Amino acid sequence: MNSYRIDLHVHIGRAGDNKAVKITASDSMTVRSVFQEAKQKGLQIVGIIDSHSPPVQQDLHEMLNSGDLIEYDDGGLTSTEGITCWLGSEIELTNPTGGAFHCIAYLPDRTTLREWSMWLQNHVTNIQLSTQHVYAPPTEVASIVHELGGLFVAAHAFTPFKGLYGSGVKASWTEVFREGDLDAIELGLSSNAHLANGIGELATIPFIVGSDAHSLPKIGREWMVCRMETPTLASFEKALQNQDDHAIETYYGLPPQLGKYYETVCASCRKKGSGLVCDHCGSERLLIGVRERLARLHSGPPPQERAPYVNHVQLHQLPFWGKKRMEKAETSELSEWEILQKEPIEQLETLFGRQAAHAVKMYRDKAFTLIEGGGGTYGKLVWDKEKP
């Protein structure tokens, strides 16, 4: 049994003959660059969730033909960088009595991915683009994914825009799905396991995390460690269900306070608050934050024990880790994960200098405070001491 570091939610900006895939993603987010960046971050598995797009499939096919990718019988695609790719597809669905929300389908191999793409192209406006609105009932979509042997996940489920609980339903996932439709709920982007664990109806649904990276530096912003026999979707499904010694071991996520939708913010005066009316200007135009939304949905104590959730920030967010040091880190033999989590501080001082090493020590000691974000503005890290 092995432990794998996984980022389940990474977008592609351009693919094929420079064709747009995810409009809001950086043009530098190509299939090849994602593999390279994932290795630098210390990941071992990455979920490319625009794999339904024909240009993305073209890039994967060309990498297989050139020998830069190897496909195994169990469905895994592994690069020469040693990164395994899982084939995902983010889509937008609608609750007839609510709003729109995002989900991700993960397919076990290229054969089932092609079948999914063939079905999908008859239910979206543009199969080339990411996160297209699917003109089909959510339950039908979940059934198709499961018939293909895939996993079906509610993406960034608590964000006020396009999250299942944030905009898709009034109070319960059962408003749009049946028992067994959801294989997992994705946390992150202003929520964590502690906040979500108070929702009683999620007692038997696993949590996952992923970066939702739209640019290369954001890869590995949120990730998880799973104990699995092989780096395949079949092993991951066992980890979700704690079967045969497979398990989720640890979540590493952005502190929810740093998320841009954590606190409730008035859309008129931009002040933070809570409730139904702004305390400052009296406006009813409030963007309800994730913290308040989850508090409203809270229905009791945590129903089950889950893997630990570790507040995680990226190397470039630390003081003294500017452009030059980041470039030095990228050319070193250490991954970002090894720098942040593993390498002795004394060795980091030798490699990157006393101040940079001290910043990593502050990170490990959690020597920082958080200023909450909200209303579309990210929160801020304030380091207790910036000089060694």
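As shown above, the structure is provided for reference.
Just so you know, these numbers come straight off a predicted model, no measurement behind them.

**Remarks on the overall build of the chain**
No. 1: The helix and strand inventory of the chain stands at 12 helices and 19 strands.
No. 2: Since a compact globule built from 388 residues should have a radius of gyration of about 21 Å, the 21 Å found for the chain is in line with a globular shape.
No. 3: In terms of its C-alpha atoms, the chain occupies a principal-axis envelope of roughly 60 × 60 × 45 Å.
No. 4: Looking at the chain as a whole, 57% of its 388 residues are labelled buried.
No. 5: Once local pairs closer than 6 in sequence are excluded, the contacts in the chain between residues at least 24 apart make up 66%.
No. 6: As presented, the chain carries roughly 16,400 Å² of accessible surface, and 48% of it is formed by carbon and sulfur atoms.
No. 7: Distance between charge centroids for the chain: 9 Å, based on 37 positive and 48 negative side chains.

**Some words on the packing of helix α2 (residues 54–66) against helix α3 (residues 110–120)**
No. 1: With their axes 13 Å apart at the nearest point, α2 and α3 run at an angle of 160° to one another. The pairing of α2 with α3 is recorded here as roughly antiparallel in orientation. Like other packed secondary-structure pairs, α2 and α3 cross with a definite hand, here left-handed. Residues Gln-57, His-61 and Leu-64 of α2 lie in contact with α3, whose contacting residues are Arg-110, Leu-113, Arg-114 and Ser-117.
No. 2: Residues of the contact of α2 with α3, tallied by class, amount to 2 nonpolar, 3 polar and 2 charged.

**Focus on α2**
No. 1: Over its 13 residues, α2 extends 18 Å from the first C-alpha to the last, a length consistent with the 18 Å expected when each residue adds 1.5 Å.
No. 2: By the burial criterion, the buried members of α2 are Pro-55, Val-56, Asp-59, Leu-60, Met-63 and Leu-64.

**So, the pattern of salt bridges**
No. 1: In total, this model carries 12 salt bridges according to the counting rule given.
No. 2: For Asp-245, the salt bridge identified is with Arg-227, shortest N-O distance 3.4 Å. Of this pair, Asp-245 sits in the loop between α7 (233–240) and β13 (247–253) while Arg-227 is found in strand β12 (residues 223–228), placing the two residues 18 residues apart along the sequence.
No. 3: Across the pair Arg-227 and Glu-249 runs a salt bridge whose closest N-O atoms are separated by 3.2 Å. Separated by 22 residues along the polypeptide, Arg-227 in strand β12 and Glu-249 in strand β13 bring together distant segments of the chain.

**Things to note about the layout of surface pockets**
No. 1: Size it by volume and the largest pocket reaches roughly 530 Å³.
No. 2: Lining the largest pocket are 22 residues, with His-102, His-156, Asp-212, His-214 and Lys-260 sitting closest to its centre.
No. 3: Classifying every residue of the lining of the largest pocket gives 4 nonpolar, 11 polar and 7 charged.

**A few points about unusual backbone geometry**
In terms of backbone geometry, most residues other than glycine have negative phi values and most peptide bonds are trans.
No. 1: The phi dihedral of Thr-131 is positive, around 55°, even though this residue is not glycine.
No. 2: Among the secondary structure elements, Thr-131 is positioned in the loop between α3 and α4 (138–147).
No. 3: Looking at Thr-131, the relative accessible area reads 10%, which means it is buried.
No. 4: Even without a glycine there, the phi angle at Asp-244 is positive, about 50°.
No. 5: Counting through the fold element by element, Asp-244 comes out in the loop between α7 and β13.
No. 6: Judged by relative accessible area, Asp-244 falls into the exposed class, the value being 54%.

**Brief notes about the packing of helix α1 (residues 31–41) against α2**
No. 1: Across the interface, α1 lies against α2 with an axial gap of 9 Å and an inter-helix angle of 70°. Judged on the interaxial angle alone, α2 and α1 are roughly perpendicular. Where α1 abuts α2, its residues Val-31, Arg-32 and Phe-35 lie against Val-56, Asp-59, Leu-60, Met-63 and Ser-66.
No. 2: Split into classes, the residues belonging to the contact of α1 with α2 amount to 5 nonpolar, 1 polar and 2 charged.

About the thresholds
Residues numbered from 1 in each chain as written. Predicted model: local features only at pLDDT ≥ 70, side-chain atom pairs only at ≥ 80, totals over all residues. Heavy atoms only, no water. Helix = DSSP H or I, 4+ residues; strand = E, 2+ residues; numbered from the N terminus. Rg over C-alpha atoms; globule rule 2.2 N^0.38 Å. Buried < 20%, exposed > 50% of the residue type's maximum accessible area, 1.4 Å probe, protein only. Contact = heavy atoms within 4.5 Å. Areas by Shrake-Rupley, 256 points an atom, 1.4 Å probe, with all protein chains shown as cover. Lys, Arg positive; Asp, Glu negative; His and termini not counted. Charge placed at Lys NZ, Arg CZ, Asp CG, Glu CD. Axes fitted to C-alpha atoms, helices over the stretch in contact; angles between N-to-C directions. Parallel < 35°, antiparallel > 145°, perpendicular 65-115°, else oblique. Left-handed = near helix turned anticlockwise from the far one by under 90°. Nonpolar A, V, L, I, M, F, W, Y, C, P; charged D, E, K, R; others polar. Expected span 1.5 Å × (residues − 1). Salt bridge = Lys/Arg side-chain N within 4 Å of Asp/Glu carboxyl O. 1 Å grid on protein atoms, 1.4 Å probe; cavity = no way out; pocket = protein on both sides within 12 Å on 5 of 7 lines; lining within 4 Å. Points joined across faces, edges and corners; volume = space filled by probe spheres on them.

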